[in-house]
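Secondary and tertiary structure notes
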Amino acid sequence: MNLCIAPRVVPMGQRRVVRFVVGIGVALLFCVPGGVTQQLLDSEAVINHLNAVIKLYRNASAELQAGGAPSDVIYQDNEQSYTADVVRLAFQAARAEAAAIRATQKNGASTNSAQSSAQTEARNKARIADVQARLDAIDKQIASAPKNKRPALEAQKEALEGELNLDNAVLEVIQKRAASMESGNDTGAEGLEGRINQLARSVPGVFASMTDQKSGMQVKPTPQSDATKQTPTGLVSQALALYGAITSVHQIDQLNEQTANVRQLVNDRRQPLREALVADIKKGRDLTDQAVSGKSSPASPEQFQELTDQFKRLSAVVLPMSQEMVVLDQASANLVEWRTSILRESKYAARALFVRVGMILLALGIVLALSEVWRRLTYKYIHDARRRRQFLLMRRFVVGFLIGIVLILGFVSEFSSLATFAGFVTAGIAVGLQTVLLSVAAYFFVVGRYGIHVGDRVSVSGVTGDVIDISLVRLYLMELAGTGIDLFPTGRVVVFSNSVLFQATTPLFKQIPGTEYAWHEVIFNLVSGGNHKLAQEKLFQAVNTVHDQYREGFEQQRGFIERRIEVQLKAPSPETRLQFGDSGLELLVRYPVEIRNESVTDEQVTRKVLEVIQSNPEVQAAVVGSPKIRAAIKG
């Protein structure tokens, strides 16, 4: 565009169009196309690279659930060290790339844009001088022109003044742009370096450890976990250790995959820069060969200097990336070795776990086999139901205790902690379940040698009944009630706690073990002048006749008692006694009766006594009133 036009009058509407066109021309003057190096260096790729390595470092620094071997701590420390080196090299390459971007932009602006700005500024100054000269000429013409020509000259002057103002504004913009380019104020490069510094502050441990190493400070070693201090022995501990090893292998695989992805990312960014370096070297050699052969004019020192600067900038980025790839390969190899080590330890742990489970199952099988043998021997050699019940109950406790011991030894590894825990639990149980524990303790007295068994007739707290069941904490009675010597079931079950044995105010009455008889007595009121001796003989003989029917059973019970308690006893038999009572002279005949047949025996005695009295007049004359049968012992 040629701005040096002939003097003419420019309308106000066209004047704005001229200013817009001139502004567009100035903007076009500052559009500088980027070179090849600027296209290879991408600020967003730099940030993505840093984000990837920071994420890798944080994942590697996370605590892995290793199997507990000391080598796991070494592998983990190595992995953290490798990833920290990767982060440092990545930031080194990023800062070098940011500097290269800044230098490329600065050099491009100082060559192409600076030359264009100088040429534009010179042309603009020439236009300003030309317009100013024409203004001066117009002023002279106005001063000497007649009145009818002055309006046209003044219009030309006004248009030239507007054009002069526009040129001065454009010159001011050009000068400010040139000044900013000379000061190297590149906001894009400074923004990239700021983002790099912000990311560096997000991983202070990496650069802090590097500072400590430079200053001679020792980095504190990673504390070993409790798992590395002792090998788990309990079944639960071994299972958890095996599960932790499997989890660690999965985490290592994920970390190794992430490492491979980061390496591929670095390689994708390094490859174009490496090709650019090779191209720069080839270009330098071509310039040298052409100068030596004389085929073309020798290259200028500026060309060699520009080529050297570009090579240095690119090599400052490529070298840390190459080192980063080497460290990533080492980190990947460390992860593979770590994974192999954990798998090897996991095989041993799984084998030990299966062996322990097999031993527990074998021990439980032996205990259950002994339990079955005990049960069969009990049924084979013990025929007494009471003692058989005792042996079977003892078998239940012994088998339960042995099973508990096997499970504790199989599942628990920290016996010191178990003992402390068991102590607190026992104290709490003793306080909270005092009555229950007392009942359990009384149970062993109940089932003892002289204890209670099912079928016994007992009296507890004024309640008489037959024992129908004995549990670990309770005693069950079928209640018996009646008048006199006649007792019959009421249809109710009375439940007592076993702890009733330890209560002084609640006595318990029961038969001697092995005995099933009680004592009854028949009372006769005699006349003072009768034949007492004859009446005593006849009535005793009548009772003794009934007793002879049950004598053999009583003899067997006496023999069982003697064998059981090793005491000589007299066989239970009827006895008679003549005594004074409240109503006068009385004849008492006491006789044993079987508990289950006491009503039948009493009826037989009654019939026999009545037969004797009615058949003998002397006995009838000696007896006054009706005889009475009662229990010799109350309760």
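Bear in mind that the values here come from a model prediction, so they are computed numbers and not experimental data. (Residues numbered from 1 in each chain as written. Predicted model: local features only at pLDDT ≥ 70, side-chain atom pairs only at ≥ 80, totals over all residues. Heavy atoms only, no water.)

Of the regular secondary structure elements, the protein holds 16 helices and nine strands. Split into buried and exposed, the 635 residues of the protein put 34% on the buried side. When the accessible surface of the protein is split by element, carbon and sulfur atoms take 58% of a total near 37500 Å². (Helix = DSSP H or I, 4+ residues; strand = E, 2+ residues; numbered from the N terminus. Buried < 20%, exposed > 50% of the residue type's maximum accessible area, 1.4 Å probe, protein only. Areas by Shrake-Rupley, 256 points an atom, 1.4 Å probe, with all protein chains shown as cover.)

This part covers the pattern of salt bridges. One pass over the full model with this rule turns up 16 salt bridges. As a salt-bridge pair, Arg 134 and Asp 130 come within 3.4 Å of each other at their nearest N and O atoms. Highlighted residues: Arg 134 and Asp 130, both in helix H4 (residues 70-144), separated by four residues, approximately one helical turn. In this structure, Glu 603 engages Arg 607 in a salt bridge whose closest nitrogen and oxygen atoms are separated by 3.2 Å. Residue Glu 603 and its partner Arg 607 are both found in helix H15 (residues 598-615); the two are separated by four residues, about one turn of the helix. Taking relative accessible area as the criterion, Glu 603 reaches 42% and is therefore assigned partly exposed. Salt bridges sharing common partners tie together Glu 521, Glu 575, Arg 590 and Arg 630. (Salt bridge = Lys/Arg side-chain N within 4 Å of Asp/Glu carboxyl O.)

Where nonpolar side chains cluster on the molecular surface, the patch consists of Met 394, Val 398, Phe 401, Leu 402, Ile 405 and Leu 409 and spans about 520 Å² of accessible area. With respect to the helices, strands and loops of the structure, Val 398 is situated in helix H10 (residues 385-411). The class of Val 398 is partly exposed, set by a relative accessible area of 31%. (Patch = residues over 30% accessible without salt bridge, like charges linked within 9 Å, V, L, I, M, F, W, Y side chains within 5 Å.)

All chains considered together, the criterion is met by two cavities of 30 Å³ or more. Around the second largest cavity, the lining residues are Val 546, His 547, Tyr 550, Tyr 591, Pro 592, Thr 601 and Val 605. Breaking the lining of the second largest cavity down by element, the ones donating at least two residues are helix H13 (532-547), strand E8 (584-594) and H15. Classifying every residue of the lining of the second largest cavity gives five nonpolar, two polar and no charged. (1 Å grid on protein atoms, 1.4 Å probe; cavity = no way out; pocket = protein on both sides within 12 Å on 5 of 7 lines; lining within 4 Å. Points joined across faces, edges and corners; volume = space filled by probe spheres on them. Nonpolar A, V, L, I, M, F, W, Y, C, P; charged D, E, K, R; others polar.)

Moving on to the nonpolar core. Counting residues in hydrophobic clusters, the biggest one holds 49 residues, and the most contacted among them are Leu 50, Phe 91, Ile 196 and Val 203. Counting only elements with at least two residues in this core, the list comes to helix H3 (43-61), H4, helix H6 (187-201), helix H7 (204-215), helix H8 (235-293) and helix H9 (301-381). Considering each element in turn, this core owes the most residues, 13 residues, to H4. Other than its neighbours up to four places away in sequence, Val 203 contacts Ile 54, Tyr 57, Arg 58, Val 87 and Phe 91. With 24 residues, the next largest nonpolar core counts Val 522, Tyr 550, Phe 554 and Val 609 among its residues. (Core = buried A, V, L, I, M, F, W, Y, C linked by side-chain atoms within 4.5 Å. Contact = heavy atoms within 4.5 Å.)

Structurally, Ser 341 is set in helix H9. The class of Ser 341 is buried, set by a relative accessible area of 3%. Not counting residues up to four positions away in its chain, the partners in contact with Ser 341 are Ser 71, Asp 72 and Tyr 75.

Moving on, we get to the packing of aromatic side chains. Counted by the stated rule, this structure contains three aromatic pairs. Considering the side-chain rings of Tyr 517 and Trp 519, the 6.5 Å spacing of their centres and the 85° angle between planes classify their relative orientation as edge-to-face. For Tyr 517, a relative accessible area of 18% translates into the label buried. Overall, the relative accessible area of 25% leaves Trp 519 in the partly exposed class. Ring geometry for Tyr 517 versus Phe 554: centroids 5.7 Å apart, planes at 85°, classification edge-to-face. Here Tyr 517, found in strand E6 (residues 517-526), pairs with Phe 554, found in helix H14 (residues 551-565); they are 37 residues apart in sequence, far enough to count as distant. (Phe/Tyr/Trp six-rings, centres within 6.5 Å; stacked < 30°, edge-to-face > 60°.)

Turning to the sheet that holds E6, a few remarks are in order. Spatial strand order, E7-E8-E6-E9: four strands in an open sheet with antiparallel pairing. Of all the strands in the sheet, the pair left with one neighbour each is strand E7 (575-581) and strand E9 (623-631). Averaged over neighbouring strand pairs, the angle between their axes works out to 25° when direction is ignored. Across the face of the sheet, H13 comes into contact with E6, E7, E8 and E9 while running at roughly 10° to E8. Helix-sheet contacts for H15 involve E6, E8 and E9, and the interaxial angle to E8 is about 140°. (Pairing = 2+ DSSP bridges. Axes fitted to C-alpha atoms, helices over the stretch in contact; angles between N-to-C directions.)

Here we come to H13. The end-to-end C-alpha distance of H13, which contains 16 residues, comes to 22 Å, matching closely the 22 Å that a straight helix rising 1.5 Å per residue would cover. Among the residues of H13, His 532, Leu 534, Ala 535, Leu 539, Ala 542, Val 543, Val 546 and His 547 are the ones counted as buried. (Expected span 1.5 Å × (residues − 1).)

Once that is clear, we can look at the confidence of the model for the protein. Chain-level statistics for the protein give a pLDDT mean of 77 and a share of 79% at 70 or above. When the criterion is pLDDT under 50, residues 1-36 qualifies, and its contacts beyond four places in sequence or with other chains add up to 34 contacts. Low confidence marks residues 185-189, where pLDDT is under 50. Its contacts with residues over four positions away, or in another chain, come to eight contacts. (pLDDT = per-residue confidence, 0-100.)

Attention now goes to the sheet that holds strand E1 (residues 457-460). If you walk across this open sheet you meet the five strands as E4-E3-E2-E1-E5, and the pairing is antiparallel. Since the sheet does not close on itself, it has two edges, and those belong to strand E4 (488-497) and strand E5 (508-510), each with one partner. Across the sheet, the mean angle from the axis of one strand to that of its neighbour is 35°, orientation sign disregarded. Relative to strand E3 (residues 474-481), strand E2 (residues 463-470) runs antiparallel, the two sharing six bridges. Within E3, the residue paired with Asp 466 across the bridge is Met 478.

Its place among the elements puts Gln 175 in helix H5 (residues 150-183). Spatially, the C-alpha atoms of Gln 175 and Glu 121 are 7.6 Å apart, while their sequence positions differ by 54 residues. Beyond its immediate sequence surroundings of up to four residues, Gln 175 is in contact with Glu 121 and Lys 125.

Among the 10 residues in E6, seven count as buried, and that is most of the element. Bridging between E6 and E8 involves nine bridges; their strand directions are antiparallel. When the sheet's bridge partners are listed, Trp 519 is paired in E8 with Pro 592. Of the strand pairs in this sheet, E6 and E9 are connected by six bridges, and their pairing is antiparallel. Bridged to Val 522 within E9 is Ile 629.

Another point: the environment of Phe 580. By the secondary structure assignment, Phe 580 is in strand E7. It is 9.9 Å that separates the C-alpha atoms of Phe 580 and Leu 526, two residues lying 54 residues apart in sequence.

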